[in-house]
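# Observations on the model geometry
Given next are the chains, with one letter for each unit.
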Amino acid sequence: MSPQDAPLHDPTALAGVGNLEVVAKRIVEGFMMGQHLSPHKGSSVEFVEHRQYHPGDEVRHIDWRAYGKTKRYFVKEYEDETNLRCRLIVDCSGSMAYAGKTLSKLAYARQLAAALGYLLLQQRDAVGWVTFDTKIRDNIEPSAKPQAFPQLVQSLSNVVPGGETSLGSVLERIVPTLSRRSLVVLLSDCFDDLDALSRALRQFRHARHEVLLFHIVAPEEEEFPFSRPTQFRDLEGTHSPQLVDPHRLRSHYLTKYREFCNELRGLSTGIGVDYCPFTTAMPYARALGAYLDARARVTKGRR
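Residues numbered from 1 in each chain as written. Predicted model: local features only at pLDDT ≥ 70, side-chain atom pairs only at ≥ 80, totals over all residues. Heavy atoms only, no water.

Time to look at helix H9 (residues 246-270). Compared with an ideal rise of 1.5 Å per residue, which puts 25 residues at 36 Å, H9 spans 34 Å between its outermost C-alpha atoms and is within 8% of the ideal. Considering bend angle alone, the principal kink of H9 is centred on His252 and spans about 25°. Along H9, the residues that are buried comprise Pro246, Leu254, Tyr257, Phe260, Cys261, Leu264, Leu267 and Ser268. One or two residues past the end of H9 sits Gly272, with phi positive at roughly 80°. (Helix = DSSP H or I, 4+ residues; strand = E, 2+ residues; numbered from the N terminus. Expected span 1.5 Å × (residues − 1). Bend = angle between axes of the 7 residues up to and from the residue. Buried < 20%, exposed > 50% of the residue type's maximum accessible area, 1.4 Å probe, protein only.)

Turning our eyes to something else, we now look at the pairing of strand E5 (residues 136-143). Across five bridges, the pairing between strand E4 (residues 126-132) and E5 is antiparallel. Each bridged residue has a counterpart across the sheet, and for Val130 the counterpart in E5 is Asn139. The hairpin turn running from E4 into E5, its antiparallel successor, is three residues long. (Pairing = 2+ DSSP bridges.)

In this structure, Leu88, Val185, Leu187, Phe214 and Tyr291 are the most contacted members of the largest nonpolar core, which totals 53 residues. Here the element with the most residues in this core is helix H4 (residues 105-122); it accounts for 13 residues. Those residues in contact with Leu187 that lie beyond four places of it in its chain are Ile89, Val90, Asp91, Met96, Ala109, Leu112, Ala113, Phe214 and Ile216. Counting 28 residues, the second largest nonpolar core, distinct from the first, contains Val170, Leu186, Cys190 and Cys261. (Core = buried A, V, L, I, M, F, W, Y, C linked by side-chain atoms within 4.5 Å. Contact = heavy atoms within 4.5 Å.)

Bringing the packing of aromatic side chains into the picture now. Counted by the stated rule, this structure contains six aromatic pairs. Relative to Phe149, the ring of Tyr118 has its centre 5.1 Å away and its plane inclined at 50°; by these criteria the two rings are tilted. Linking Tyr118 in helix H4 with Phe149 in helix H5 (residues 148-158), this pair joins segments that are 31 residues apart in sequence. The class of Tyr118 is buried, set by a relative accessible area of 10%. Pairing Phe191 with Phe260 gives two aromatic rings, centres 5.8 Å apart and planes at 50°, and the pair type is tilted. One end of the pair, Phe191, is in the loop between strand E6 (183-188) and helix H7 (194-206); the other, Phe260, is in helix H9, and 69 residues separate them in sequence. Here the aromatic residues Phe224, Tyr253 and Tyr257 are joined through ring pairs into a cluster of three or more. (Phe/Tyr/Trp six-rings, centres within 6.5 Å; stacked < 30°, edge-to-face > 60°.)

Before going further, it helps to examine the side chain of His209. Its location among the elements puts His209 in the loop between H7 and strand E7 (210-217). At 3.0 Å, the side chain of His209 and the backbone nitrogen of Ser182 are in polar contact. Among residues more than four places away in sequence, those in contact with His209 are Leu178, Arg180, Arg181, Ser182, Val184 and Phe204. (Polar contact = N/O pair within 3.5 Å; in protein donor to acceptor, adjacent residues only side chain to side chain.)

Read across the open sheet, the six strands follow the order E5-E4-E3-E6-E7-E10; overall the sheet is mixed. The sheet is open, and its two edges are formed by E5 and strand E10 (274-279), each paired on a single side. Pairs of neighbouring strands in the sheet enclose a mean axial angle of 15°, with direction left out of account. When E6 meets E7, the two strands line up parallel, connected through six bridges. When the sheet's bridge partners are listed, Leu187 is paired in E7 with Phe214. Sitting on the sheet, helix H6 (residues 167-174) touches strand E3 (85-91), E4, E5 and E6, and the angle it makes with E4 is about 140°. Contacting E7 and E10, H9 crosses the sheet at an angle of about 170° to E7. (Axes fitted to C-alpha atoms, helices over the stretch in contact; angles between N-to-C directions.)

This part is about the pairing of E6. Buried residues dominate E6, accounting for six of its six residues. Pairing of E3 with E6, which is carried by five bridges, proceeds in the parallel orientation. From the neighbouring strand, Ile89 faces E6, where its bridge partner is Leu186.

The first and last C-alpha atoms of H4 sit 26 Å apart over 18 residues, in line with the 26 Å expected at 1.5 Å per residue. Once H4 ends, the next one or two residues include Arg124, with phi positive near 65°.

Bringing the environment of Leu178 into the picture now. On the secondary structure map, Leu178 appears in the loop between H6 and E6. As a C-alpha pair, Leu178 and Gly128 span 50 residues in sequence and 9.9 Å in three-dimensional space. Once residues within four sequence positions are removed from consideration, Leu178 is found in contact with Arg87, Val184, Phe204 and His209.

Take a look at the structure:
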């Protein structure tokens, strides 16, 4: 299937294109055409403020007069450099490998993260990313440079489902690595102890990061459509497979699952985290729209 033939509303069909970079561009360009959006063009060079120098900053922007007074390095920040900084955090733990009739949760998160990264860079925003399973795998500082997108694509293309993870504890290790206020986009199935997850999300908010939680599940996890005796396997490898009768389990499972989602939504809302649930069958346009809404709020809040 060619990228042009892949329907934008079908994530599984898009995955068949095979090339993550092409898929991401197709998703974003189709979305922008549908929403009558366009990337920001041109840039302002109006001086806004000073900030402390960080490795990787342009040396030409160092304010040597300020250095002469303080013996510390500061850079002049301009309007075109005060756009959004975003960190995409992608859960690559074992449970994300689940795939029913659609693509896997990890494949969905990977395509969505790549599309978000491309959209960020098209809007002259800076994108960084973190991939993790039992530990942090990649942790890349945000950049608005053109080479950031192929680097993101390569990083996401290389990820494979890992082992069991404590989502909350890994996120707590990520918080101190974010040196500046950012929009944090977490892509995960969130299958973890919710108290631990809540503590981690509170730390992001305490550090003044805006947080967008994309809760990604498979349709089968939401609907439990199984009818025959089925063997369920723990994708994070901590328990042995179990053969169960779905008819006896279905009602109990759906009750517990809905309680879990309602609790996750409630704790997210309570601490100021935008909660966005998705199944792997949902079009990516909804997620891109949620990102743009969050970006508008963050940008407005900085003015």
